[in-house]
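Now for the letters of each chain:
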Amino acid sequence: MSDEPLEPDFESFQDQMEPLSGYSRHIAFSPDFVDITNSIPAALMLSQSVFWQKVSIERWHRVWWFKTYAEWTEETRMTKDQLDLARKKLSRFLISAAT
């Protein structure tokens, strides 16, 4: 056995990860929202809320929108407990994430 470190096979790794990357399903996430909320789950929920607010206005010409727990979980992979904690943190900023 050689003492030399193994060279990573980046091309193979990229080939394996590409189908899983879901290019059409990326979530824009602002680290500034973590600073504001002091919570990564709350920042993720805030990022998605900002996105869906914009979509709602542009696509449906309304200022409101809603998501169920199932929709939030499918979109963010957060658990119900994580969503509840995020929503509680965001409620301090008068943001209501309906579930």
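Residues numbered from 1 in each chain as written. Predicted model: local features only at pLDDT ≥ 70, side-chain atom pairs only at ≥ 80, totals over all residues. Heavy atoms only, no water.

With that settled, the discussion passes to helix α5 (residues 80-91). Across its 12 residues, α5 extends 16 Å between first and last C-alpha, which sits within 8% of the 16 Å expected from 1.5 Å per residue. By the burial criterion, the buried members of α5 are Leu83, Ala86 and Leu90. In a view along the axis of α5, the buried residues occupy a sector of 65 degrees, so they form one face of it. Along α5, the residues that are exposed and aim more than 90 degrees away from the buried face are Asp81, Leu85 and Lys88. Here the buried face of α5 lies against α2 (31-37), α3 (40-60) and α4 (69-76). (Helix = DSSP H or I, 4+ residues; strand = E, 2+ residues; numbered from the N terminus. Expected span 1.5 Å × (residues − 1). Buried < 20%, exposed > 50% of the residue type's maximum accessible area, 1.4 Å probe, protein only. Arc of directions from axis to C-beta. Contact = heavy atoms within 4.5 Å.)

The next point concerns the pattern of salt bridges. With the rule as written, the count across this model stands at two salt bridges. Linking Glu75 and Lys67 is a salt bridge whose minimum nitrogen-to-oxygen distance equals 3.0 Å. On the basis of relative accessible area, Lys67 is assigned to the buried category, the value being 10%. Between Asp84 and Lys80 there is a salt bridge, with the nearest N and O atoms lying 3.2 Å from each other. In this pair, Asp84 and Lys80 both sit in helix α5, four residues apart, roughly one turn of the helix. (Salt bridge = Lys/Arg side-chain N within 4 Å of Asp/Glu carboxyl O.)

As a further point, take the nonpolar core. Counting residues in each nonpolar core, the largest one holds 14 residues, and the members touching the most others are Met45, Trp72, Met78, Leu83 and Leu90. Per-element tally for this core: the top contributor is α3, with seven residues. (Core = buried A, V, L, I, M, F, W, Y, C linked by side-chain atoms within 4.5 Å.)

Moving on, we come to the packing of aromatic side chains. Summed over the entire model, instances satisfying the criterion amount to three aromatic pairs. On the numbers, 5.0 Å between centres and 80 degrees between planes, the contact of Phe51 with Trp52 is edge-to-face. Given the relative accessible area of 18%, Trp52 is considered buried. With centroids separated by 6.1 Å and ring planes inclined at 55 degrees, the aromatic side chains of Trp65 and Trp72 adopt a geometry described as tilted. For Trp72, a relative accessible area of 0% gives the class buried. (Phe/Tyr/Trp six-rings, centres within 6.5 Å; stacked < 30°, edge-to-face > 60°.)

Don't take any of this as a statement about function, it's just geometry.
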